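Here is how the chains run, residue by residue.
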Amino acid sequence: MNQKLEDLSRKSLWGAEELTELVIAPATLHVDYPALASAIRSLTHGETDEVALMATLACEIHHADDRFDWTGFYRVTEPEVLKIGPYQGGHGCLVIPFARGVCGAAARTGQTQLVPDVDAFPGHIACASSTRSELVIPVFGPAGRLLGVLDIDSNQPDAFTQDDADQLQRILDDTFGRD
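Residues numbered from 1 in each chain as written. Predicted model: local features only at pLDDT ≥ 70, side-chain atom pairs only at ≥ 80, totals over all residues. Heavy atoms only, no water.

Per an unreviewed UniProt entry, the recorded name for the protein is GAF domain-containing protein, and the organism is Paracoccus shanxieyensis.

Structure below.
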């Protein structure tokens, strides 16, 4: 244990072990989805450009919760191909075929992928070695056209819930005008 923690533990009611856990434990916010949805509606009102909408959502969602280590969109740019779109966090994969990875599975099936352990997902693409869990939601526009996927990675295992998926799906449908 470093000297600073030892000094703090002497001055506190906690022992060094408890203080270490207190200082090192990751902060976890839980998203206030109604407030997030309201902010996104306000910021995107009247905007129709899909890339501008994706950029705004990536930023707002990413900063809404400490669990979100990488937040971004992969856009459908040609048949069966996703290419990186607006995102927040470290570098992502540039191209993902529908046939590979969690993002590809979401695009291929049109279904949300809630993955508590990416190492257990067959064909997972490791764009970042720090990713432990992932939530990928297909993004549909008017007439049910697949625009891409929203990909959220976490460096924490089992970081996402079905409530996260459901709330984010509502925000995506509202923003991109899914019928």
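Novice: Tell me about the state of the cysteines, and name the residues and values.
Specialist: Tallying each qualifying case throughout the model produces one disulfide. Note on cysteine connectivity: Cys93 is disulfide-linked to Cys127, with sulfurs 1.7 Å apart. The chirality of the disulfide connecting Cys93 with Cys127 is left-handed, given an S-S dihedral of about -115°. Of this pair, Cys93 sits in the loop between strand S2 (81-88) and strand S3 (95-97) while Cys127 sits in the loop between strand S4 (113-115) and strand S5 (133-140), and the two are 34 residues apart along the sequence. Exposure remark for Cys93: the relative accessible area of 16% places this residue in the buried category. (Disulfide = S-S within 2.5 Å. Helix = DSSP H or I, 4+ residues; strand = E, 2+ residues; numbered from the N terminus. Buried < 20%, exposed > 50% of the residue type's maximum accessible area, 1.4 Å probe, protein only.)

Novice: Tell me about the environment of Gln113, residues and numbers included.
Specialist: With respect to the element layout, Gln113 can be found in strand S4. Of the residues examined, Gln113 reaches a relative accessible area of 14% and is grouped as buried. The residues contacting Gln113, other than those within four sequence positions of it, are Val102, Ala105, Ala106, Phe121, Glu134, Leu135 and Val136. (Contact = heavy atoms within 4.5 Å.)

Novice: Before we move on, could you go through the pairing of strand S1 (residues 70-78) and cite the residues and values that matter?
Specialist: Bridge count for S1 against strand S6 (residues 146-154) is six bridges, and the pairing is antiparallel. Counterpart to Thr71 in the pairing with S6 is Ile152. One ladder, built from six bridges, connects S1 with S2; its direction is antiparallel. From the neighbouring strand, Val76 faces S2, where its bridge partner is Leu82. Following S1, the chain reverses through two residues before pairing antiparallel with S2; Glu80 in that reversal takes a positive phi of roughly 65°. (Pairing = 2+ DSSP bridges.)

Novice: How would you explain the pattern of salt bridges if you had to name every residue and give the values?
Specialist: Inspection of every chain in the model, using the stated rule, returns four salt bridges. For Arg145, the salt bridge identified is with Glu50, shortest N-O distance 2.6 Å. Taken together, the positions of Arg145 in the loop between S5 and S6 and Glu50 in helix H4 (residues 50-62) put the pair 95 residues apart, joining distant regions of the chain. Residues Arg67 and Asp65 are paired through a salt bridge, measuring 2.7 Å at the closest nitrogen-oxygen approach. (Salt bridge = Lys/Arg side-chain N within 4 Å of Asp/Glu carboxyl O.)

Novice: Before we move on, could you go through unusual backbone geometry and cite the residues and values that matter?
Specialist: In this structure, Ala143 is a non-glycine residue whose phi angle is positive, near 65°. Its place among the elements puts Ala143 in the loop between S5 and S6. Non-glycine residue Asp158 carries a positive phi angle of around 50°. Considering the arrangement of structural elements, one finds Asp158 in the loop between S6 and helix H6 (162-176). Residue class for Asp158 comes out exposed when judged on its relative accessible area of 54%.

Novice: Break down the sheet that holds S2 for me, citing the residues and quoting the values.
Specialist: Sheets are built from strands paired through backbone hydrogen bonds, the pairs being either parallel or antiparallel. Spatially, the six strands line up as an open sheet ordered S3-S2-S1-S6-S5-S4, and their pairing is antiparallel. Sheet topology places S3 and S4 at the edges, where each strand pairs with a single neighbour. Strand-to-strand, the axes of this sheet are offset by a mean angle of 25°, without reference to chain direction. Contacts from H4 reach S1, S2 and S6 within the one sheet, and its direction differs from that of S1 by about 160°. Against the sheet, helix H5 (residues 101-109) contacts S1, S2, S3, S4, S5 and S6, and its axis sits at roughly 30° relative to S5. (Axes fitted to C-alpha atoms, helices over the stretch in contact; angles between N-to-C directions.)

Novice: Run through the packing of aromatic side chains, naming residues and quoting values.
Specialist: One pass over the structure, following the stated rule, counts four aromatic pairs. Considering the side-chain rings of Trp70 and Tyr74, the 5.8 Å spacing of their centres and the 25° angle between planes classify their relative orientation as stacked. Summarising the burial analysis for this pair, Trp70 and Tyr74 share the class buried. A connected cluster of aromatic rings, assembled from ring pairs, spans Trp70, Tyr74 and Tyr87. (Phe/Tyr/Trp six-rings, centres within 6.5 Å; stacked < 30°, edge-to-face > 60°.)

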